[in-house]
Amino acid sequence: MNFPEKLRWLIMLCLFATAAGAQSQSITINSVQNSLETLAANFPQEKIYIQFDKPSYAPGDTIWFKSYIMTGTNPSQISKTVYIDFVNTDGRVLKHCISPVLQAGGSGDYGIPLDFKEEVVYVKAYTKWMLNFDSSFLYRKTLQVIQPKPTGTRPVPAIKTNLQFLPEGGNIVENIETNIAFKALHFDGTPAPVSGAVFNNSNTKVADIKTVHDGMGSFLLTAKNGETYTARWKDDLGNDYETGLPAAQAAGVVLKVLPQADARPFTIQRSENAPPGLQKLYILATMQQHLVYGASVNLKEVAVTGGSIPVKELPSGVLQVTLFDSNWVAVAERISFINNEDYAFEPEVGFAQLSTEKRKQNTLVIHTDSISANLSVAVTDAGIGIDSSDDIVSRLLLTGDLKGRVYHPYYYFQNNSDTLQQQLDLVMLTNGWRRISWDAAIHNKYPAIKYQNEPDYLSLSGKLYGATDQELKQGAMLLMIIKNSKDTSNRIEQAIVDGSGKFANPNIILYDTSKIYYKISGNDRFANSSVISFDNSTPSPKTIAEDTAANAFLADTATENFRRRLAEEELRAAKFRQGNTLKDVVVKTRTKSPLQMLDEKYASPLFSGDGYQFDVMNDPFGKSAISVFQYLQGKVAGLQINTAGGTPSVTWRGGTPAFFLDEVQQSDPGMLSSLSMSDVAYIKVLRPPFVGAMGGGANGAIAVYTRKGGDVASTPGKGLPYKVIIGYTGQKEFYSPNYDIYNNNTNDRDLRTTLFWSPNILTTPANNTFRLKFYNNDITQRFRVIVEGITTDGKLAHIEKIIE
């Protein structure tokens, strides 16, 4: 990140004015600044925001998404690959998406199965580089899946509202007036209005409690020696509670920071009996791992002092103010948000052609003047509501740097009024920020890097092992046949093996799953004694532990019933369109069908029961399929197969079926997945219960039969070694019907709630106007248009319009 030059001058002035000649120890403000600059240069922090096409979904819907990645105040140049996991409530990964990052953005999709029964899907997004640091700052979100019928009411806990007290700076110190913030939340994570009072252990009231905004408020308290404090309060549901306040320290120091337009005035006060270590202090202010203010504080002769941190020239974002004792141990900390309104750009968004009539054409126009930007746009039915959790501005400037959860964070960017900034300061008082481990930074201890960053795209690369240095000097060529899961044709490519055994072809960008057959061109001993290892992307974990409380979805009850009715009709229509593909068809004939003869040839009597049968040898798709499980995807009702991230995950009717290879039960589905499809003759999916499986086969079985004599056929690459490589996840193209050519008289109702989605609008000074055409559905009367994006210099766009 190129930190603004004017900020560097600010740092120099602050240090010169406040810290000259103050340090005689080996650790000084200057040495800490150098440590922070090393941290910022070598360990920059990435943040992710994801725009989804709409706030809620139904079974059978496609989730469309666009991710944006920033480092500090600029678009990230660290990672060219972003990973997005869609996870169910049991922690099972439903889909592991791997997306290329172009101009700090990546896009993709996930199709929710029609038989999905849960009411939420959890989303987790990250880059490899982000996995080296605090996992609290990875992107997480909960998406609501509205079922046609509610699955049940959520149990209400005995304690319906929680109240938390947070002293400014971190501590209550006896005989020092302390600002104590509080936050009250209902059991579902929504803010709770509360009121009450604080009493000491003599039952004397010492302070009043009343929420100011979204369950938050503050009060002043001067704790006395020997006193303890309890809050008696009532929530908006009429329930009475008692909550103890944190215990006061007998000796210590209190830090206060006031939000003002151009500065952050602060006061530091120690107790009269403070030890020597709290009489000489240091105060530092940092942003994005850079020091922006530093001063030494002498409290030997006085108990209280103050100063002011200039912020007018700082970029917008979270400012961290930390107070250290004489041994550079952090003793108090406060965060404050700086809003200098320097972060926004506003593309022009309007309609050249507008109609809310049934199936009529609309033309949306986006113009950005002479700006290079990466934008995404969603047009939805306004009746389905809005996402109440975050937008690109609030995520990348505010919540991406906080560990606590903020309710409706985009609210704080509506304007920069004094009232709103005071409310935002309550957010700062009630949330944590720990990007910097101070003990490690001060002593030049830096994070251990387990995952290297990915500055290049996932192209074909790897290394050859087993050859001697002399053999490598002779040179070699790697010849490859690449067979992609979504392409019936085969690609023939080559790569040069260098003197270290490494090879790469940056022109081969891999998508989906590819099977690569390879041969080393060189002398026979060199080729036969070597082993090839292809580089691969981060595999998806099978399960992810999710903090469901922290990711609680805040339902928009005003639109939920409307959306539920739509979900019910959409599901009914989708099942109707599937028609007989979900039904079991029994054909009665006097002669044996080819499948019957195939079953008699391969299946023993135990395996000849009722099931789904697949003649792989005579199925054209069988020849192009990558694996058994990729071949079976979508062919059996209710059989859920996820082949992303290595070992396949297979579930049927709520559990895992048994696996058989030539009627020998296999404990690992990977054994079937590794089979070459050219060796597979017949697959049978047996309905539960299957008595031939150990344990009774309550979830059925999948039996795979390899070809017998006379059935074997050769395919390109047969006989060559191969590796299965996972590349970028394939992306669907958003479908929008063209009613100028499509039959308008069809009886199928158009119930699309996402009318248009375009995730990759790349503007330049020369190409800055885009005309986007879409057609209305059968029901929408109002459009909601949301445009988000980022410029090459880090400005953020969030435009939302309701069109009637």
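Above this note sits the structure.
Residues numbered from 1 in each chain as written. Predicted model: local features only at pLDDT ≥ 70, side-chain atom pairs only at ≥ 80, totals over all residues. Heavy atoms only, no water.

## Examining the overall build of the protein
Moving on, step 1. Each helix and strand in the protein was counted, giving twelve helices and 44 strands.
Moving on, step 2. When burial is assessed residue by residue, the protein has 53% of its 804 residues classed as buried.
Moving on, step 3. Counting only contacts in the protein whose residues sit at least 6 apart along the sequence, the fraction spanning at least 24 positions is 71%.
Moving on, step 4. When the accessible surface of the protein is summed, it comes to about 36300 Å², and 50% of that surface belongs to carbon and sulfur atoms. (Helix = DSSP H or I, 4+ residues; strand = E, 2+ residues; numbered from the N terminus. Buried < 20%, exposed > 50% of the residue type's maximum accessible area, 1.4 Å probe, protein only. Contact = heavy atoms within 4.5 Å. Areas by Shrake-Rupley, 256 points an atom, 1.4 Å probe, with all protein chains shown as cover.)

## Details of the pairing of strand β18 (residues 263–270)
Moving on, step 1. Among the eight residues of β18, six are classified as buried, and the element is accordingly described as predominantly covered.
Moving on, step 2. Following strand β17 (residues 253–257), the chain reverses through five residues before pairing antiparallel with β18.
Moving on, step 3. Bridge count for β18 against strand β21 (residues 304–310) is seven bridges, and the pairing is antiparallel. Considered in β21, the bridge of F266 is made with G307. (Pairing = 2+ DSSP bridges.)

## Comments concerning helix α9 (residues 594–602)
Moving on, step 1. Those residues of α9 that sit buried are L598, D599 and Y602. Take α9 and look down its axis: the buried residues cluster within an arc of 100°, on one side only. (Arc of directions from axis to C-beta.)

## Notes on the packing of aromatic side chains
Moving on, step 1. Taken as a whole, this structure holds 32 aromatic pairs when the rule is applied.
Moving on, step 2. Pairing W129 with F133 gives two aromatic rings, centres 5.5 Å apart and planes at 70°, and the pair type is edge-to-face.
Moving on, step 3. A relative accessible area of 7% means that W129 is categorised as buried.
Moving on, step 4. Ring centres of Y343 and F413 lie 5.9 Å apart, and the angle between their planes is 90°; this geometry places the pair in the edge-to-face category. Of the two residues, Y343 is situated in the loop between β23 (330–338) and β24 (348–353) and F413 in the loop between α3 (392–397) and α4 (418–429); the sequence distance between them amounts to 70 residues. F413 shares its class with Y343; the two are buried. (Phe/Tyr/Trp six-rings, centres within 6.5 Å; stacked < 30°, edge-to-face > 60°.)

## Some points on the pattern of salt bridges
Moving on, step 1. All chains considered together, the criterion is met by 18 salt bridges.
Moving on, step 2. In this structure, K47 engages D401 in a salt bridge whose closest nitrogen and oxygen atoms are separated by 3.2 Å. On the criterion of sequence distance, the pair formed by K47 in strand β1 (residues 46–52) and D401 in the loop between α3 and α4 is long-range, its members being 354 residues apart.
Moving on, step 3. With a relative accessible area of 2%, D401 lands in the buried category.
Moving on, step 4. The network of salt bridges with common partners includes E168, R334 and D425. (Salt bridge = Lys/Arg side-chain N within 4 Å of Asp/Glu carboxyl O.)

## Some words on the sheet that holds strand β42 (residues 769–775)
Strands belonging to one sheet form pairs held by backbone hydrogen bonds; the direction of such a pair is parallel or antiparallel.
Moving on, step 1. As summarised here, the arrangement of the three strands in space is β24-β25-β42, forming an open sheet in which the pairing is antiparallel. Every other strand in the sheet has two partners, leaving β24 and β42 as the edge strands with one partner each. Going from strand to strand, the sheet's axes swing by 25° on average, the running direction of each strand aside.
Moving on, step 2. Of the pairings in the sheet, the one linking β24 to strand β25 (residues 361–367) comprises five bridges and is antiparallel in character. Directly across from F351, in β25, lies its bridge partner L364. (Axes fitted to C-alpha atoms, helices over the stretch in contact; angles between N-to-C directions.)

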